[in-house]
Amino acid sequence: MIATTSPTSRLTDAFDRHERALTVGVEEELLLLDPSTHDLAPHAAALVRAAADVAVRTELPAAQVELVGPVCADAAAVQRALLDARRRLREVAAGRVRLAGAGTHPTAPAEGPISPGDRFARISREYQWAARRGLAWGLHVHVAVPGAARALAVHDALREWLPLLAAMAGNAPFHEGRDTGLHSVRPKLAEGFPRQGVPPAWGSWEAYAAFLRFTGGPDADPHETARELWWEVRLHPVHGTLEVRVCDQPATAAEAASLTAVVQALCGTLAARHDAGELPPPAARERIEENRWRALRHGLDAVLLPFSGREGAGERCARELAAELLAEVAPVARACDGADALARAADLLDATGSERQLAVARECGVDAVAPWLADRFDAELDGA
């Protein structure tokens, strides 16, 4: 008998090969700042060339670098890796640029230069205005959920939690020197690109594969096509991970680790519910998008509509729901050695990144926010 290959096997193999559940890895996008003015400094290519021993690469904006963390068992290991990489990158920068973490630069012009490279040139040609205005920085958390069927089910279930994660991770209230009135304007900037925001609930790998053929063409490499699905959670067929892309870039490695612990434990909780047959049907996209807008506009003070299966609960404050989420996923966090990082996520319920930035601007003006972000970056490294 001649063996046949499923048309979806190239997409599912990496998920089915995982031997360890709930390993995590992060990619964080950092701002490069002029040390005198704290304007954006488009020197990413030179910094990446100099940082040969750091897992760092250029991204679309020339004033952005992406730190790529290793595969880790828990959020504490993620934090250690990020601190080491941030510290080494600062050493390589040697005072020529300062580094900071936020979802947007508070005062930069709306458009900025693009990094060199064939892929970035192609993106710039294709997406034009959106590429020039793509000055947005995010934290991407990869979680290994073994088994393709389980990973797909967790992806579809995780969608309805994206607004709450966005509210917790908001760190982008300013754009072009103005208070946008949003706790996170970054996702609205990203919407200049297609395939952004809340993804579809795929329901099957065949549906996912069909969409990749629809967008990329029948002869396109599905892995390459999947790279340009920029939704806030996506299935990553190369790594075999769920990639959660909803978070603004945090200011500190500790905050990045706390958000990683939340995402890891939430994925584990949803995976356990899938295995027990307890996942509700995926929520309708338009309902999630309504909550998403509320979260971006009001942060943790947003009033969110009920999640699927909880219609009797009525509208709830995002801050209360976030506290309940931390309690709900705590058992999985403990099993993943992420209890300490998850506990520190409660600090975000007291003051998110956006709330801290707004407080600085009220006291000292918006021009003080970028230096303050750079100071927070340095203070953590100097004190760690």
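Not measured: the values here are computed from a predicted model. (Residues numbered from 1 in each chain as written. Predicted model: local features only at pLDDT ≥ 70, side-chain atom pairs only at ≥ 80, totals over all residues. Heavy atoms only, no water.)

**Q** Help me understand the overall build of the protein chain in this model?
**A** When helices and strands are tallied, the protein chain shows 17 helices and 11 strands. Expected size for 384 residues packed as a compact globule is a radius of gyration near 21 Å; at 20 Å, the protein chain falls within 12% of this value. Projected onto the principal axes, the alpha-carbon positions of the protein chain cover approximately 65 × 50 × 35 Å. Expressed as a percentage of its 384 residues, the buried residues of the protein chain come to 57%. When contacts within the protein chain are restricted to residue pairs at least 6 apart in sequence, long-range pairs at least 24 apart make up 77% of them. For the protein chain, the accessible area works out to roughly 15,700 Å², and carbon and sulfur atoms hold 51% of it. Taken as two groups, the 41 positive and 53 negative side-chain charges of the protein chain have centres that lie 2 Å from each other. (Helix = DSSP H or I, 4+ residues; strand = E, 2+ residues; numbered from the N terminus. Rg over C-alpha atoms; globule rule 2.2 N^0.38 Å. Buried < 20%, exposed > 50% of the residue type's maximum accessible area, 1.4 Å probe, protein only. Contact = heavy atoms within 4.5 Å. Areas by Shrake-Rupley, 256 points an atom, 1.4 Å probe, with all protein chains shown as cover. Lys, Arg positive; Asp, Glu negative; His and termini not counted. Charge placed at Lys NZ, Arg CZ, Asp CG, Glu CD.)

**Q** Looking at this structure, how should I read the nonpolar core?
**A** One broad rule of soluble globular proteins: the nonpolar side chains tend to lie buried together. One finds V65, L89, Y208 and C267 to be the most contacted residues of the largest nonpolar core, which totals 93 residues. Within the second largest apolar cluster, 18 residues are counted, among which are A100, F174, L358 and V366. (Core = buried A, V, L, I, M, F, W, Y, C linked by side-chain atoms within 4.5 Å.)

**Q** Please explain the environment of L349 as it appears in this structure.
**A** Among the secondary structure elements, L349 is positioned in helix 15 (residues 346-350). The spatial distance from the C-alpha of L349 to the C-alpha of E320 is 8.8 Å, given a sequence separation of 29 residues. Beyond its immediate chain neighbours, meaning those up to four positions away, L349 contacts M168, L300, R319, A322, A323 and L326.

**Q** When you look at the packing of aromatic side chains in this model, what are you seeing that I'm missing?
**A** With the rule as written, the count across this model stands at 10 aromatic pairs. Between W205 and Y208 the ring centres are 5.6 Å apart and the planes differ by 80 degrees, which places this aromatic pair in the edge-to-face class. On the criterion of helical spacing, the pair formed by W205 and Y208 is a turn pair, its members being three residues apart in helix 9 (residues 205-216). Y208 sits in the buried class, given a relative accessible area of 1%. Centroid distance F211 to W231: 5.7 Å. Interplanar angle 45 degrees. Geometry classified as tilted. A residue pair is termed long-range when its members are at least 10 positions apart, and F211 in helix 9 and W231 in the loop between helix 10 (222-226) and strand 8 (233-236) qualify at 20 residues. (Phe/Tyr/Trp six-rings, centres within 6.5 Å; stacked < 30°, edge-to-face > 60°.)

**Q** What's the story with unusual backbone geometry in this structure? I'm lost.
**A** Most peptide bonds adopt trans geometry, and most residues besides glycine take a negative phi value. The backbone of Q128 sits at a positive phi, close to 50 degrees, despite the residue not being glycine. When you line up the elements, Q128 lands in the loop between helix 4 (118-127) and helix 5 (129-132). The exposure class assigned to Q128 is partly exposed, which follows from its relative accessible area of 42%. For E176, which is not glycine, the phi torsion reads 55 degrees and is therefore positive. Accessibility expressed as a relative area gives 36% for E176, which makes it partly exposed.

**Q** Where do I start with the state of the cysteines in this structure?
**A** Covalent bonding between the sulfur atoms of two cysteines is what defines a disulfide. For the structure on display, the rule yields zero disulfides. C247 takes part in no disulfide bond, and the closest cysteine sulfur to it belongs to C267, at a distance of 11 Å. Assessed through its relative accessible area of 0%, C247 is described here as buried. (Disulfide = S-S within 2.5 Å.)

**Q** Can you help me understand the environment of W231 in this one?
**A** Exposure remark for W231: the relative accessible area of 5% places this residue in the buried category. Sequence-wise, W231 and A190 are 41 residues apart; in three dimensions their C-alpha atoms are separated by 9.8 Å.

**Q** Could you clarify how one ought to interpret the pattern of salt bridges in this entry?
**A** If the charged atoms of two oppositely charged side chains come close together, the side chains can form a pair. The final tally for this structure, using the stated rule, is 30 salt bridges. Residue R292 pairs with E232 through a salt bridge whose shortest N-O separation is 3.0 Å. Taken together, the residues R292 in helix 12 (residues 285-298) and E232 in the loop between helix 10 and strand 8 connect sequence positions 60 residues apart. On the basis of relative accessible area, R292 is assigned to the buried category, the value being 9%. (Salt bridge = Lys/Arg side-chain N within 4 Å of Asp/Glu carboxyl O.)

**Q** Can you walk me through the packing of helix 1 (residues 9-17) against helix 9 in this structure?
**A** In a pair of packed helices, the angle between the axes and the distance between the axes together describe the arrangement. Contact pair helix 1 / helix 9: the axes reach a minimum separation of 10 Å and the direction vectors enclose 130 degrees. The angle between helix 1 and helix 9 places the two elements in the oblique class. Where helix 1 abuts helix 9, its residues L11, T12 and F15 lie against W205, Y208, A209 and L212. Residues that form the contact of helix 1 with helix 9 fall into these classes: six nonpolar, one polar and no charged. (Axes fitted to C-alpha atoms, helices over the stretch in contact; angles between N-to-C directions. Parallel < 35°, antiparallel > 145°, perpendicular 65-115°, else oblique. Nonpolar A, V, L, I, M, F, W, Y, C, P; charged D, E, K, R; others polar.)

**Q** What exactly am I supposed to notice about the pairing of strand 1 (residues 24-33) here?
**A** Residues in a regular strand project their side chains so that they alternate between the two faces of the sheet. Of all 10 residues making up strand 1, 10 are buried, and the element is well covered by its neighbours. Of the two faces of strand 1, the one carrying V24, V26, E28, L30 and L32 and the one carrying G25, E27, E29, L31 and L33 are both buried. Note that strand 1 and strand 5 (residues 138-143) share five bridges and pair antiparallel. The partner of E27 across the bridge, within strand 5, is H140. The pairing of strand 1 with strand 3 (residues 64-68) spans five bridges and is classified as antiparallel. Within strand 3, the position partnered with E28 by the bridge is L67. (Pairing = 2+ DSSP bridges.)

**Q** Please clarify how the packing of helix 7 (residues 162-169) against helix 11 (residues 253-275) should be interpreted in this entry.
**A** Where helix 7 meets helix 11, the axes come as close as 11 Å, and the angle between the chain directions of the two elements is 165 degrees. On the basis of their axis angle, the class for helix 7 and helix 11 is roughly antiparallel. Crossing angle aside, the handedness with which helix 7 passes helix 11 is right-handed. Here helix 7 contributes L165, M168 and A169 to the contact with helix 11, which in turn contributes L259, V262, V263 and L266. Of the residues belonging to the contact of helix 7 with helix 11, the class tally is seven nonpolar, no polar and no charged. (Left-handed = near helix turned anticlockwise from the far one by under 90°.)

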